[in-house]
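# Analysis of the macromolecular model
So the chains spell out like this:
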Amino acid sequence: MLAAATTGVQAQSNAGNLEKLGQFKSTGAMADIPLIPQTGPKADAIKKNLAKIKLPAGFKINLYALVPDARHMAVGPQGVVTFVGTRKNKVYAVTDRAKSGTAEEVKPFAPTIDLTLPNGVCFSKDGFLYIAEQNRVMVYPAAEFFYESPDVVAIPIVAQGDLIPKDEESYNHTARVCRVGPDDKLYITLGQPFNVPAPEKAELYKKWGIGGIVRMDRDGKNREVFALGIRNSVGMDINPKDKTVWFTDNQVDGMGDKIPPGELNRAPQPGLHFGFPWYGGGKVRVTEFGYDKETPPANVVFPQVEMDAHAADLGMTFYSGTKFPKKYQGGIFSAQHGSWNRTDPVGARVMFTSLKEDGTADKTEVFAEGWLTADGEYIGRPVDVAQLRDGSILVSDDFAGAIYRISYER
């Protein structure tokens, strides 16, 4: 009884904290936020492992920061802080004030607020940080300037329990990702919770955009379903050149080692359907619930790139810098987390996809690999890729609890 009462008091306190922060009031919380140590045996072991990573000539990789459970990343427009989401209950602020290529400080962001699976982090160009949790979306105005304090301005634009129906909350496919588009709208991916959903879920999921991408005004209003037919996208970015939305998608499990393929998709307009659950990945039909006996929706959009089956394609970013060789400029870097359900593991690497003049995908190749050893052991599992202002890229790794920096020397 005492434990239950204590939990209830804590919940009320945390709810009160959020209300105070939205009113620019102090919670009276601790002044000092504990830092994540950046040196020691773990850092030494990761640096040793990085010597095994294979990269194209001229590129080098180093340990940028130790960040527990590091998932998706958002680099602040001012270049001051990188915010890192997790699938647990924390977001971390990572700072490299000296611009040395190695972070000197990592600490929890907004520690006075309870977060639930705050995987998706993204910035607007004018400095508003958005965090998409499992079933809530928060905005943190001027996060780059308030992050030093335990109290930060925090406003829910989609209240707890309003992103998806409460009954559809699951332990599976809960990691959201977000982007603010050139239309100044917020885009969020919503993975559906099943390997393959039963047909009776179809109308509900279509209404909410579950198994798709939704977009809304930056204040949470005027929500609409942007795309459907997506099993579980945990990577999305918008091509700055032609404003098209691109996203990765994870295919159906249990169909074998070699099928279905993973996906990299392109959405040049709203209202498109990308085939799931009639297709489990690429053009491979799903047999569960008899979907292979049904006629798929008209005008299904198939992927731009079919990746290796079960490599778990996650975060992606368009490279807009000029420090990498010309072949990489304007292309896509994407992370493969690595398979969990293949007899012959694959993935745990960073891929690169170049584009044609018409904006569609050209060639995909391995860019960085070595986190999966020859005997099938993971020493790291890349999750996301982000670009720093100096033209280098960051790669997050939730297995090692680290962020790496890849740079190029001419």
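What follows concerns the nonpolar core. By size, the foremost hydrophobic cluster in this structure holds 28 residues, and its most contacted members are Phe 333, Phe 367, Trp 371 and Tyr 404. For this core, the secondary structure elements donating two or more residues are helix 2 (41–50), strand 1 (59–66), strand 22 (332–336), strand 23 (349–355), strand 24 (361–369), strand 26 (393–397) and strand 27 (402–408). Per-element tally for this core: the top contributor is strand 1, with four residues. In contact with Tyr 404, not counting residues within four places along its chain, are Ile 46, Leu 50, Ile 61, Asn 62, Leu 63, Tyr 64, Trp 371, Ile 393, Leu 394, Val 395 and Asp 397. Membership of the second largest hydrophobic core comes to 20 residues, among which are Ala 93, Ile 113, Leu 129 and Ala 143.

Here the focus is the sheet that holds strand 14 (residues 236–238). An order of 14-15-16-20 is seen for the four strands of this open sheet, with the pairing classed as antiparallel. Two strands close off the open sheet at either side, each with one partner strand: strand 14 and strand 20 (305–307). The average undirected angle you get between the axes of adjacent strands in this sheet is 20 degrees. By the bridge criterion, three bridges tie strand 14 to strand 15 (residues 245–249) in an arrangement that is antiparallel. Note that in strand 15 the partner of Asp 237 across the bridge is Trp 246.

As a further point, take the environment of Ala 386. Relative to the helices and strands, Ala 386 resides in strand 25 (residues 382–387). Taking the C-alpha atoms as reference, Ala 386 lies 8.6 Å from Tyr 319; in sequence the two are 67 residues apart. In contact with Ala 386, not counting residues within four places along its chain, are Met 73, Val 75, Thr 317, Ser 392, Ile 393 and Leu 394.

Residues with a pLDDT of 70 or more make up 93% of the chain, whose mean pLDDT is 94. Counting contacts from residues 1–12, a segment whose pLDDT is below 50, to residues more than four positions away or on other chains yields zero contacts.

Working note: regular strand, side chains alternate between the two faces of the sheet. Burial analysis of strand 25 places six of its six residues in the buried class, the great majority of the element. Note that strand 25 and strand 26 share four bridges and pair antiparallel. What sits directly across from Gln 387, in strand 26, is Ile 393. Linking two consecutive strands that pair antiparallel, namely strand 25 and strand 26, is a turn of five residues; a positive phi of about 90 degrees is found at Gly 391 within it.

Opposite charge on two side chains permits pairing when their charged atoms draw close. Following the criterion strictly, the structure yields 22 salt bridges and no others. With a shortest N-O distance of 2.8 Å, Arg 136 and Glu 133 are connected by a salt bridge. Given a relative accessible area of 8%, Arg 136 falls into the buried group. With relative accessibility at 1%, the residue Glu 133 sits in the buried group. Here Arg 405 ties to Asp 390 by a salt bridge, and the two come within 2.9 Å at their closest N and O atoms. Linking Arg 405 in strand 27 with Asp 390 in the loop between strand 25 and strand 26, this pair joins segments that are 15 residues apart in sequence. A network of salt bridges, in which partner residues are shared, links Arg 97, Glu 105, Lys 107 and Glu 148.

Parameters and conventions
- Residues numbered from 1 in each chain as written.
- Predicted model: local features only at pLDDT ≥ 70, side-chain atom pairs only at ≥ 80, totals over all residues.
- Heavy atoms only, no water.
- Core = buried A, V, L, I, M, F, W, Y, C linked by side-chain atoms within 4.5 Å.
- Buried < 20%, exposed > 50% of the residue type's maximum accessible area, 1.4 Å probe, protein only.
- Helix = DSSP H or I, 4+ residues; strand = E, 2+ residues; numbered from the N terminus.
- Contact = heavy atoms within 4.5 Å.
- Pairing = 2+ DSSP bridges.
- Axes fitted to C-alpha atoms, helices over the stretch in contact; angles between N-to-C directions.
- pLDDT = per-residue confidence, 0-100.
- Salt bridge = Lys/Arg side-chain N within 4 Å of Asp/Glu carboxyl O.

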